[in-house]
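# Breakdown of the fold
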Amino acid sequence: VRVAFDASGLCSLADGLTACWLLCCLPARVRLLRVRVCACVCVGRQTRASVARLEALIAEHDAVFLLLDSREARWLPTLIAASHGKLVINAALGFDTLLVMRHGVNHSPSQPSQPSQPASAGTTAVAPDSTGLGCYFCNDVVAPQNSLQDRSLDQQCTVTRPGLSAMCSALAVEMLVSLLHHPLGVHAPADVACDISQTPEHEFGLIPHSIRGFLTHFTNLLVVGHAFDRCTACSRTVVELYRRDGFDFVLKAFNNPTYLEDVTGITDVKKELADISWEPDDDTDFDL
C-alpha cells in the first residue's frame, strides 16, 4: 500500500514526526452502497466502519489537509470536519493550476462564533471572518457527483506540471503556520490582495481564504468566497442532519444522487430558475 511507504518515508525525513497510515474502504460510486444483495451488505458494513474511523481521526486532530484526486472524495471529510468544528485546508491541482483553500470554521460544537473582524491593515477591502467563509463546495449548485467520468487524463488532476504539487503543498503548510500565529487562530479574517509596498499587520503577513495559482503566468490570486447557506457539505442543514443521523445520513447521500440537493433546498432553487421566463430586450442587437 502506497500510504504505508509514505508514512515511513515521512518519519525518516523528520525525527520528531509521528505518522500513521489508515486504509479506508469508501465507495467510489454511490451505487456500491445499495444493500440489495449480500455482497452489497458487506460493502455497507465496511463503509460504516471506515466512516467511523475517519470521524475518529478528524475529531482527534486540530487540522485536516485534503489532498484527494477528485471533487466528490472531498465531500465526506469536509462534512465531518464541519460537524466537529475542525480546520480544513484543501489543496487541489489542475494541469497548470492550483487551489489552496481554508474552510470556514462555522459550526464548532463547543466554541461560540467569533464576532466579525475587519481585514488586516494593508488590504484593499474588508473580508469576512472565518465564520463567514465558505468551503470547497459552497460555489456548487449541484450535489457531488462523479467528476472523473468521461474526462481525459489531463482533466483528472493526474497529469500536472512537474513542480506544481510541491508548490501547492508548500502553500497549504504555510497557510496553516500563518493561522497558528494569528491571534484569532482558525477564526482569522480573510485578507485580500494589497500592494507589495504595504506592510501587513501580522508578522506572518496576509492570511487569505483561498489561493488560486496559475503556473502559465507564475501568478497567484487571493480570492474570498462566502459561506453558502445551502451548501451540500458545510451548511447548517447538512451538519445538523449528520450530527443527528450519523452514518444513516451519509448512506442516504451515497444512495440517492439528489438527496443532498433536496434537503438543502437546491432542488427548489433549480425549479424556480426553470420557471423564470426570459424576454429579450428589443433595444438590444444580437449578432448570431
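Details of the structure are given in the entry above.
Scoring rules and cut-offs
Residues numbered from 1 in each chain as written. Predicted model: local features only at pLDDT ≥ 70, side-chain atom pairs only at ≥ 80, totals over all residues. Heavy atoms only, no water. Salt bridge = Lys/Arg side-chain N within 4 Å of Asp/Glu carboxyl O. Helix = DSSP H or I, 4+ residues; strand = E, 2+ residues; numbered from the N terminus. Buried < 20%, exposed > 50% of the residue type's maximum accessible area, 1.4 Å probe, protein only. Phe/Tyr/Trp six-rings, centres within 6.5 Å; stacked < 30°, edge-to-face > 60°. Lys NZ or Arg CZ within 6 Å of the ring centre and 35° of its normal. Axes fitted to C-alpha atoms, helices over the stretch in contact; angles between N-to-C directions. Parallel < 35°, antiparallel > 145°, perpendicular 65-115°, else oblique. Left-handed = near helix turned anticlockwise from the far one by under 90°. Contact = heavy atoms within 4.5 Å. Nonpolar A, V, L, I, M, F, W, Y, C, P; charged D, E, K, R; others polar. 1 Å grid on protein atoms, 1.4 Å probe; cavity = no way out; pocket = protein on both sides within 12 Å on 5 of 7 lines; lining within 4 Å. Points joined across faces, edges and corners; volume = space filled by probe spheres on them.

## As for the pattern of salt bridges
Tallying each qualifying case throughout the model produces 5 salt bridges. In this structure, the salt-bridge partner of Asp-140 is Arg-71, at a minimum N-O distance of 3.0 Å. Placement of the pair is Asp-140 in the loop between strand E3 (97-102) and helix H4 (164-180) and Arg-71 in the loop between strand E1 (63-66) and helix H3 (75-84), with a sequence separation of 69 residues. With its nearest N and O atoms 3.1 Å apart, the salt bridge here joins Lys-270 to Glu-261. With relative accessibility at 34%, the residue Lys-270 sits in the partly exposed group.

## A closer look at the packing of aromatic side chains
This structure, assessed with the given rule, holds 3 aromatic pairs. The interplanar angle of 90° and the centroid separation of 5.5 Å between the aromatic rings of Tyr-136 and Phe-137 together place this pair among those described as edge-to-face. Across the pair, exposure class does not vary: Tyr-136 and Phe-137 are buried alike. Over the aromatic face of Tyr-136 sits the side chain of Arg-71, whose NZ or CZ is 4.3 Å from the ring centroid. A cation over an aromatic ring shows up here: Arg-74 above the ring of Tyr-136, its NZ or CZ 5.2 Å from the ring centre.

## Here we look at the packing of H3 against helix H6 (residues 247-255)
Orientation of H3 relative to H6, taken along the N-to-C sense of each, is 150°, at an axis distance of 12 Å. On the basis of their axis angle, the class for H3 and H6 is roughly antiparallel. In the packing of H3 onto H6, the handedness of the crossing is right-handed. Residues Trp-75, Leu-76 and Leu-79 of H3 touch H6, and the partners they reach there are Phe-249, Val-250, Ala-253 and Phe-254. The residue inventory of the contact of H3 with H6, partitioned by class, reads 7 nonpolar, no polar and no charged.

## Topic: empty space enclosed by the protein
Any space left empty among the atoms is revealed by the rolling of a water-sized probe across them. In this structure the tally under the stated criterion is 1 cavity of 30 Å³ or more. Here the largest cavity defines a volume of roughly 90 Å³. The leading source of residues in the lining of the largest cavity is H3, at 3 residues. Within the lining of the largest cavity, the residues separate by chemical class into 6 nonpolar, 6 polar and 1 charged.

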